[in-house]
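# Architecture and fold: a report
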Amino acid sequence: MRTHFTKIFAFILTFMLVSCERYEEYFQKPELQSLRHGVRTAATIGYCASIATSAFKGEPLPENVEFNESAGLIYVEISEDYPLPFTNTTGDLVMSVIWNNGSGVMSILFGDLDILGGEAKLYGIYMIPFQERDDDGILTIMAEQDVILGRGSDTILDLSNVTVSMFNAELERLDSTPPSDLFVAVEQNVWHIKIDQSQTLAYVYDDYIKVTGGGQIAEVEGSSGGVIYHALLETIINYSVCPENPISGSALSQNFKAGGTPYIDLGNSYLEFHETCDGMAYVKWSSGIYRDYREEYISLDL
């Protein structure tokens, strides 16, 4: 009899352990490192495009900005009083800009600024087109190949070899159509950015920056060994309204098993942003290894 009860107890214990392991397997917290990269970098590009447009139009500039028009260089001091959106480091950035009749191409050198939050070193952005349009404000676009990680070339600010045809080819990128679906955006490695300056040209923090796009800024490995991607759909940032989170739009965090094809989808989480400035986003649904983490709020940790 004792042996019989011992077997039953062992079976129940084993069942409980297996059930707990499976529960933990599917209740992993969505991994948002890649999403943070996208939000921070897009906000930075919007910030720089806004300043560059004002500078070359002869408009008032923030007090932390110096403009050398003859050299096409813009120096920006990042401090506690003049922060870079969603970053907590101080230092300087330099923009080199070619400008022609309301359109420009810029390269940005970040120096010691920590844009990505210590997970990877974003050295600079090379050859980003931007253009002022009456109906849409300022348009700019960034692709994965524009991002320079780790140590970059010292010639990142040298745009002297940019020909007219190269300049026009960069501007043509602005006419590409943003994706309307998060699962499409996550595979494109392109970020479409619109900036509304709110008619306060010397104050960039109340700009409305709308971001649609996705992919990877830098490779991020999740706890399961997969590689984390992200997408943003009509995500709006206004740093003066909220310095903790985007104020509207939606996002996707996606985990693909690393190495080889076809890719194995380990899990997805769909998030919605809100105007409440609490540093959170709402996880509406999840799948795969995140499937039981849904209909609750998660910290963005921006």
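Quick look at the structure, then. (Residues numbered from 1 in each chain as written. Predicted model: local features only at pLDDT ≥ 70, side-chain atom pairs only at ≥ 80, totals over all residues. Heavy atoms only, no water.)

### Comments concerning the overall build of the protein
Scanning the protein from terminus to terminus reveals four helices and 14 strands. In the protein, which comprises 302 residues, the share counted as buried stands at 50%. Working note: accessible area of the protein is about 14,800 Å², and carbon and sulfur atoms make up 49% of it. (Helix = DSSP H or I, 4+ residues; strand = E, 2+ residues; numbered from the N terminus. Buried < 20%, exposed > 50% of the residue type's maximum accessible area, 1.4 Å probe, protein only. Areas by Shrake-Rupley, 256 points an atom, 1.4 Å probe, with all protein chains shown as cover.)

### Looking at the pairing of strand E2 (residues 73–78)
It is a general feature of regular strands that their side chains alternate between the two faces of the sheet. Bridge analysis of strand E1 (residues 65–68) against E2 gives four bridges, and the strand direction is antiparallel. When the bridges of E2 are listed, asparagine 68 appears paired with leucine 73. Between the end of E1 and the start of E2, which pair antiparallel, lie four residues, with glycine 72 showing a positive phi angle near 70°. Pairing of E2 with strand E3 (residues 91–100) involves six bridges; the strand directions are antiparallel. Considered in E3, the bridge of isoleucine 74 is made with methionine 95. (Pairing = 2+ DSSP bridges.)

### So, the pattern of salt bridges
In the structure shown here, the tally under the stated rule is six salt bridges. Between glutamate 170 and arginine 173 there is a salt bridge, and its shortest N-O distance comes to 2.5 Å. Taken individually, glutamate 170 and arginine 173 each receive the classification buried, so the pair is uniform in this respect. Within the structure, one salt-bridge network assembled from shared partners comprises Asp146, Glu170 and Arg173. (Salt bridge = Lys/Arg side-chain N within 4 Å of Asp/Glu carboxyl O.)

### Brief notes about empty space enclosed by the protein
Inspection of the entire model under this criterion finds two cavities of 30 Å³ or more. A volume near 70 Å³ is recorded for the largest cavity. Together, Ala43, Tyr47, Pro85, Val204, Tyr205, Asp207, Ile209, Ile237, Asn238 and Tyr239 line the largest cavity. Looking at the lining of the largest cavity, its residues break down into eight nonpolar, one polar and one charged. In this structure, the second largest cavity spans a volume of roughly 40 Å³. Along the walls of the second largest cavity sit Leu32, Leu35, Arg36, Val39, Pro246, Phe273, Leu300 and Leu302, which together make up its complete lining. (1 Å grid on protein atoms, 1.4 Å probe; cavity = no way out; pocket = protein on both sides within 12 Å on 5 of 7 lines; lining within 4 Å. Points joined across faces, edges and corners; volume = space filled by probe spheres on them. Nonpolar A, V, L, I, M, F, W, Y, C, P; charged D, E, K, R; others polar.)

### Brief notes about a negative patch on the surface
On the surface, Glu66, Glu77, Asp92 and Asp112 cluster together into a negatively charged patch. For glutamate 66, the position within the fold is in strand E1. (Patch = residues over 30% accessible without salt bridge, like charges linked within 9 Å, V, L, I, M, F, W, Y side chains within 5 Å. Lys, Arg positive; Asp, Glu negative; His and termini not counted. Charge placed at Lys NZ, Arg CZ, Asp CG, Glu CD.)

### A few points about the state of the cysteines
One pass over the full model with this rule turns up one disulfide. Here cysteine 242 is linked by a disulfide to cysteine 277, with a sulfur-sulfur distance of 2.2 Å. Disulfide cysteine 242 to cysteine 277: torsion about the S-S bond roughly 85°, handedness right-handed. In this pair, cysteine 242 sits in the loop between strand E10 (226–237) and strand E11 (248–257) while cysteine 277 sits in the loop between strand E12 (265–272) and strand E13 (280–288), placing the two residues 35 residues apart along the sequence. Residue cysteine 277 is classed as partly exposed on the basis of its relative accessible area, which comes to 35%. (Disulfide = S-S within 2.5 Å.)

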